[in-house]
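# An overview of the molecular structure
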Amino acid sequence: MGKVFEMDHPLIQHKLTILRDKNTSSKDFRSLVTEIAMLMGYEVTRDLELSDKEVETPLEKTVGKEISGKKIALVPILRAGLGMVDGVLSVVPGARVAHVGMYRDPETLKPVTYYSKFPKDISERTIIILDPMLATGGSLIEAIDEVKRAGATSIRTLNIIAAPEGIKVVQDAHPDVDIFIGHIDRELNDHAYILPGLGDAGDRMFGTK
Ligand code: PRP
Ligand code: URA
């Protein structure tokens, strides 16, 4: 079963409260998502493989560490996942950025995929899927299916807010995927919005409605 990590760093909790506030502007919302994604990016990369590397300081030779395992590809789920890219790239600037475009059909609440573009060497990379909201889990399951179809085998996800119902279905569908979450909220409402949540992440980020 994939592991679930809830990140309780004080800075993430503080910024999340401002993000939830309905009076927070789109401009501030985007900045906060970037900052939270950067902090989460630090945690999601905590177990990256290291190997020894010799380095010469101005005084003597020594042995330091360098990241030596699989390279990383970020996969934001459009639209709202885009807001997390710059934050994570600030801690892993060399990562490739692939994209999956999907939206939730308002009637069926099922994801509709309209775009995907992956690097050729996706099977050799650790994939970090980015989406601020994990609600029913439908979008995330479909995005994981897409990257697996393209050849990925090492996958983790970064979600700022998640509903317990959604986490469970993602774990059941993809037991090999670890899920990193900023905060696990209470439940979904009748329209599959997360409670207390923050509303529609894409609309708040881009000022649409
Ligand atoms: C939101 C969110 C997730 C999805 C989560 O996207 O960014 O992708 O809903 O819901 P789920 O877990 O029930 O699938 P939305 O469909 O609003 O599209 P957008 O990002 O283009 O606004
Ligand atoms: N998508 C969002 O943007 N917010 C929710 O609460 C659920 C799905």
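Please read all numbers here as calculations on a predicted model, not as lab measurements.

Reading guide: rules and limits
- Residues numbered from 1 in each chain as written.
- Chains lettered and ligands numbered in written order.
- Predicted model: local features only at pLDDT ≥ 70, side-chain atom pairs only at ≥ 80, totals over all residues.
- Heavy atoms only, no water.
- Helix = DSSP H or I, 4+ residues; strand = E, 2+ residues; numbered from the N terminus.
- Rg over C-alpha atoms; globule rule 2.2 N^0.38 Å.
- Buried < 20%, exposed > 50% of the residue type's maximum accessible area, 1.4 Å probe, protein only.
- Contact = heavy atoms within 4.5 Å.
- 1 Å grid on protein atoms, 1.4 Å probe; cavity = no way out; pocket = protein on both sides within 12 Å on 5 of 7 lines; lining within 4 Å.
- Points joined across faces, edges and corners; volume = space filled by probe spheres on them.
- Nonpolar A, V, L, I, M, F, W, Y, C, P; charged D, E, K, R; others polar.
- Arc of directions from axis to C-beta.
- UniProt positions renumbered as here; feature names shortened; annotations may be inferred.
- Phe/Tyr/Trp six-rings, centres within 6.5 Å; stacked < 30°, edge-to-face > 60°.
- Lys NZ or Arg CZ within 6 Å of the ring centre and 35° of its normal.
- Polar contact = N/O pair within 3.5 Å; in protein donor to acceptor, adjacent residues only side chain to side chain.
- Core = buried A, V, L, I, M, F, W, Y, C linked by side-chain atoms within 4.5 Å.
- Near = heavy atom within 4 Å.
- Areas by Shrake-Rupley, 256 points an atom, 1.4 Å probe, with all protein chains shown as cover.
- Sits in = over half its atoms within 2 Å of the grid points.

### Some points on the overall build of the protein chain
When you go through the protein chain residue by residue, the secondary structure sums to six helices and 13 strands. Computed over the C-alpha atoms, the radius of gyration of the protein chain is 18 Å, within 12% of the 17 Å expected from 2.2 N^0.38 for a compact globule of 209 residues. When its C-alpha atoms are laid out on the principal axes, the protein chain stretches across 65 × 35 × 30 Å. A total of 209 residues make up the protein chain; the buried ones form 44% of that total. Once local pairs closer than 6 in sequence are excluded, the contacts in the protein chain between residues at least 24 apart make up 63%.

### Comments concerning the layout of surface pockets
There is about 670 Å³ of room inside the largest pocket. If you go around the largest pocket, you meet 28 residues; those closest to its centre are Tyr103, Arg104, Ser139, Tyr193 and Asp200. Of all the secondary-structure elements, those providing two or more residues to the lining of the largest pocket are β4 (71-78), β6 (99-104), β9 (133-134), α4 (138-149) and α6 (201-206). Considering only residue class, the lining of the largest pocket consists of 16 nonpolar, eight polar and four charged.

### Some remarks on helix α5 (residues 164-173)
Taken residue by residue, α5 has Gly166, Ile167, Val170 and Gln171 as its buried positions. With its buried residues spanning 130° around the axis, α5 presents them on a single face.

### Let's talk about the UniProt feature "binding site: uracil" (unreviewed entry) in the protein chain
The sites that carry the UniProt feature "binding site: uracil" (unreviewed entry) are, in the present numbering, Ile194, Gly199, Asp200 and Ala201. Cross-referencing the annotated residues with the largest pocket identifies Ile194, Gly199, Asp200 and Ala201 as lining it. By secondary structure assignment, the location of Ile194 is in strand β13 (residues 194-195).

### Some thoughts on the packing of aromatic side chains
Under the criterion given, the structure shown has two aromatic pairs. Geometrically, the ring pair formed by Phe5 and Phe180 is stacked, given 4.5 Å between the ring centres and 15° between the ring planes. One end of the pair, Phe5, is in strand β1 (residues 4-6); the other, Phe180, is in strand β11 (residues 178-184), with 175 residues separating them in the sequence. Over the ring of Tyr193 we find Arg104; its NZ or CZ atom is 5.5 Å from the centre of that ring.

### Focus on the side chain of His174
Secondary-structure assignment places His174 in the loop between α5 and β11. Since its relative accessible area comes to 5%, His174 is described here as buried. Within polar-contact distance, the side chain of His174 engages the side chain of Asp145 at 3.1 Å. In contact with His174, other than residues within four places in its own chain, are Ile141, Ile144, Asp145 and Lys148.

### Quick notes on the nonpolar core
Within the largest apolar cluster, 35 residues are counted, with the highest numbers of intra-cluster contacts made by Leu19, Leu130, Leu158 and Ile160. Looking at this core, the elements that each hand over two or more residues are α1 (10-20), α2 (26-44), β4, α3 (85-89), β8 (125-130), β10 (154-162) and α6. Top contributing element to this core by residue count: α2, with eight residues. Once residues within four sequence positions are removed from consideration, Leu19 is found in contact with Phe29, Leu32, Val33, Ile36, Ile160, Leu198 and Arg204. Grouped together as the second largest cluster of nonpolar side chains are 23 residues, Val100, Ile167, Ile179 and Ile181 included.

### A few points about the site of ligand 2
For ligand 2, the full set of nearby residues is Arg104, Met133, Ala135, Ala192, Tyr193, Ile194, Gly199, Asp200 and Ala201. One of the backbone nitrogen or oxygen atoms of Ile194 is found 2.8 Å away from an oxygen atom of ligand 2. Ala201 has a polar backbone atom sitting 2.8 Å from an oxygen atom of ligand 2. Expressed as a share of its isolated accessible area of 230 Å², the protein-covered part of ligand 2 is 89%. Placement of ligand 2 is best described as lying within the largest pocket. The class makeup of the residues in the shell around ligand 2 is six nonpolar, one polar and two charged.

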